[in-house]
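Notes for the structure review
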Amino acid sequence: MEKDEEKLMSRRRMEKWIRIFLVFLAFVWLCTIISKSIYVSGLTIVKADTPSKKYVEHIVEADGIVTTGGEIAVNTQSGLRVDRIYVMQGDPVKAGDVLFTIDLKDIADIISTKEMELAKLQHNLSDIQVNAVIDAQKKEVAILWAQEDYETADKETQTAKERAKEALDQAEAALGKHLAEPVPYTSDSARGEAWEDYHDWVNQGYSISDQITAKEREIRDLEEQLALLGQTEKKVLSGSISADDQTGSGEQNAEDPDNSADAGSSDGADGSGDADGDIGDGDNEDMDNDISTEDPANNESGTDDRTDTDHGTEPDDRTDTDHGTEPDDKADTDHGTEPDDKTDTDHGTEPDDSPADDTQTDGSQKGDDSTADPPEEDKDQEMTDEEIAARKALQDQIRRANAELLALQDSLTKHGRSVVEQPDYSVEELKFDEWQNTRLALEADIQKAKENYNDVSYNREVTLRQKQRDIANAQVTTRADSTAAIYELDIQRIQTQLASLYSLQKQKGEIKAENEGVISNIQVEVGGRTSDLAAVLMTDTQRPCQFKFGITKEQGKYVHLNDTVSLKLNGQSAMEATVDYFTENAQGGYDLICMLPEGVGKPGLSGSIERSVQGEYHDLTLPVDAVFEETGGYYIYTLNEKEGILGSEYYAEKIKVQIKDKNDRFAALEPGTVSADTKVITYATKELKQGESVRPQDK
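Attention shifts here to the packing of aromatic side chains. Throughout the structure, instances matching the rule amount to seven aromatic pairs. Where Phe628 meets Tyr635, the ring centres are 5.5 Å apart and the plane angle is 20 degrees; that geometry is what we call stacked. The class of Phe628 is partly exposed, set by a relative accessible area of 32%. Overall, the relative accessible area of 13% leaves Tyr635 in the buried class. Centroid distance Phe628 to Tyr637: 5.8 Å. Interplanar angle 70 degrees. Geometry classified as edge-to-face. Each residue in the set Phe628, Tyr635 and Tyr637 is aromatic and connected to the rest through ring pairs, giving one cluster. The side chain of Lys47 reaches across the aromatic face of Tyr683, ending 5.4 Å from its centre. Directly above the ring of Tyr453 sits Lys165, whose terminal nitrogen or CZ lies 5.7 Å from the centroid.

Backbone-to-backbone hydrogen bonds join strands into a sheet, with any given pair of strands oriented parallel or antiparallel. Spatial ordering of the open sheet is given by E5-E7-E8, a layout of three strands whose pairing is antiparallel. Two strands close off the open sheet at either side, each with one partner strand: strand E5 (82-85) and strand E8 (510-512). Here the average twist between neighbouring strands, direction ignored, is 25 degrees. In terms of strand pairing, strand E7 (residues 98-102) meets E8 through three bridges, oriented antiparallel. Looking at E8, one finds that Val98 is bridged to Lys512.

Let us look at the environment of Arg543. For Arg543, the position within the fold is in the loop between strand E10 (536-539) and strand E11 (546-551). Relative accessible area serves as the criterion here: at 47%, Arg543 is assigned to the partly exposed category. Through-space distance from the C-alpha of Arg543 to that of Gly69 is 5.3 Å; in sequence the pair is 474 residues apart. The contact partners of Arg543, leaving out residues within four places of it in the chain, are Gly69 and Gly70.

Taken together, Met14, Ile18, Phe21, Leu22, Phe24, Leu25, Phe27 and Val28 make up a surface patch of nonpolar side chains, about 800 Å² in accessible area. On the secondary structure map, Met14 appears in helix H1 (residues 2-41).

A sheet is described by the order of its strands in space; here four strands give the open sequence E4-E10-E9-E6, paired in antiparallel fashion. Pairing within the sheet leaves two strands with one partner each, and these edge strands are strand E4 (71-74) and strand E6 (92-93).

Taken together, the side chains of Glu2, Asp4, Glu5 and Glu6 define an acidic patch exposed on the protein surface. Checked against the element boundaries, Glu6 lands in helix H1.

Moving on, we get to the confidence of the model for the chain. Here the chain averages 75 in pLDDT, and 75% of its residues register 70 or above. pLDDT under 50 marks residues 239-381. Its contacts with residues more than four places away, or in other chains, come to 279 contacts.

The pairing of E11 with strand E14 (residues 590-595) spans six bridges and is antiparallel. Among the inter-strand pairings, Phe549 is bridged to a residue of E14, identified as Leu592. In this structure, strand E13 (residues 575-584) lies alongside E14, joined through five bridges in antiparallel fashion. In the strand pairing of E14, Glu584 is matched with Tyr590. Here E13 folds back onto E14, and the loop between the two strands holds five residues, one of which, Gly588, carries a positive phi near 95 degrees.

Scoring rules and cut-offs
Here the residue index of a chain counts from 1 through its sequence in written order. Two thresholds apply to this predicted model, a pLDDT of at least 70 for residue-level local features and 80 or more for giving and counting side-chain atom pairs, whereas whole-chain, interface and lining totals are computed over all residues. Working from all heavy atoms in the structure, the side-chain values ignore hydrogens and water. Centre distance within 6.5 Å is the pairing criterion for rings of Phe, Tyr and Trp, where only the six-membered ring of Trp is used; planes under 30 degrees apart are then read as stacked, over 60 as edge-to-face, and the remainder as tilted. Note on classification: 1.4 Å probe, protein chains only; a residue is buried when its accessible area is under 20% of the maximum for its type, exposed when over 50%, partly exposed between these limits. For a ring to carry a charge above it, either NZ of a lysine or CZ of an arginine must fall within 6 Å of the ring centroid while also lying within 35 degrees of the normal to the ring plane. One bridge is not enough; two strands pair if DSSP finds at least two bridges between them. Segments assigned H or I by DSSP are reported as helices when at least four residues long, segments assigned E as strands when at least two residues long, and all are numbered from the N terminus. Structural elements are reduced to axes, namely lines fitted to C-alpha atoms, with helices fitted over the stretch in contact, and the angle between N-to-C directions of any two is expressed from 0 to 180 degrees. Throughout, a residue-residue contact means that at least one pair of heavy atoms, one from each residue, lies within 4.5 Å. Here the term patch refers to residues with relative accessible area over 30% and no salt bridge, with like charges joined within 9 Å and nonpolar side chains (Val, Leu, Ile, Met, Phe, Trp, Tyr) within 5 Å. Here the accessible surface of atoms and residues is derived via Shrake-Rupley with a 1.4 Å probe, and residues count as covered only by protein chains that are part of the display. We count a salt bridge whenever a side-chain nitrogen from Lys or Arg sits within 4 Å of a carboxyl oxygen from Asp or Glu. Charged-residue counts in this description rest on Lys and Arg as positive and Asp and Glu as negative, His and the chain ends being excluded. To locate a charge, take NZ of a lysine, CZ of an arginine, CG of an aspartate or CD of a glutamate. Per residue, pLDDT captures the predictor's confidence, and it can take any value from 0 to 100.

Next up, the structure:
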């Protein structure tokens, strides 16, 4: 009953916690819905659409004005003050009508000024002609002095050059004598080879020592594995051995050669694995280790900075597994001379062809109370085939590793005997440096003498060249001077102006029209002075009017020379006209002119033109409001979906695009940037930003 009540209470508690958990989940779900609603209500509302296929039509519209077909300029002498103007812009005139008059008093003043200027020019011309005679006399004297200076400079510079050449020859002779007595010097290639041999010998020793250390570490690892395997076997066999058998283990080990104790070394040194493997079984397998037979008295010595398992000889920087003796083709694990940190499986005797030795650890005796291993035959009965195979595999690996270790130790011994001396060239370099310093000093003397000789030679050339220039300058017969000719031209120009002023003064300052026409522009004003520009422009009645208008550079893609446009003048119906003139203006656009038929239009009449171009068919077109322009190009915003904090949401991604064509309504994109099914944002309630979360407008 008590158990049933406990189960019932436990079930009720479980149902209570489940209800609480469900209420919590409902609360979290409600909070999520409220948070998502608040979050979504603050997002930017956008409209998106995919690109469509259509033609992008272009309509060019421009306003212009009717101008005259040709104009005639009325010119007069510049600098004259205008007294009165008798016409206005748009007035028709006939040949001989007075257009404007010049102030007669101003004409008289200008004539007086011109006459005075003419007199000055005539006096200056006379002075130039007299000075030309004086300059010719001075030139002859300058030539004589220049020739004498050249001869003196030639003698002085030649003497200095000969002295510099003599000093250079003496310096070169001293260097030649020094170079004839060189000192021996070993070449860089021979030195490099000697140093390479020495470094190769040192590096080879380091390499062999590193290999020995790695091989010793490998042997220790294998022996530790074998020792751990032996300890596992002991634990398995301990349950089947009786107390009496354990008491008599000492005698059994002494009588039975096959009962070898598994002696594990305390630090995994040489010998522990071999005692367990080679001596314990009855196969009488040899370790195949070449044991060194050198002086056993050295068994107490160690190696420098290396792990040394040699207990008899070869202490020089190598690892040795020699234990003092070296019988032929036998594995000897004699530890009678090296007890330090090792497991000794030979207790001073080494019977020939014995299947096993009594093995015990350092510091222990046969008579100890420690439990001895059971006979090997019993072990084999208790051990599985896998354990026996693993044991033998480890023993084989240890034997091979010991053989490789011995070979490496022999290589290190041979390497140590073939010593390569470190090269030394200090004495040779000292003598060579002395000889070299002397050579450099002599070469410096030669270089200094050469520089002195070159400087003297250069100074001679410069001096003589300058003297020759002085002679050449003095020998110039006539300097290019057109002052006199210019004065003569100025005199002729002023005389022509005076003649025109005399004629204008005789006509009482009246400027008359030479042809019939309409005044199109007056470029002078009363009280002002005439300029180089035309004073009055008159229409050429022999030519029809023309319509002039301007377009932007973008519109210039759709209107070209000889294209037909629809022209409509104020107060007249539309008509077709041809673009007869096309040129670029200073504002970056283009100015166009259409010639009107004879009798159509009047100068100053306004009008407009229109031209419609269907354009090309494009696969990717968008409303022009969906394309934004920035410095260096265009971009659009695409509508994409992602997983957010409150679930799936939409965001705007900014993408750069290339505009292939556009008008005031649509823009065509270059293929490759977006696909036909890409959702492009065409409208947004706020300014969009890259990666901004948005809310699509419900359709």
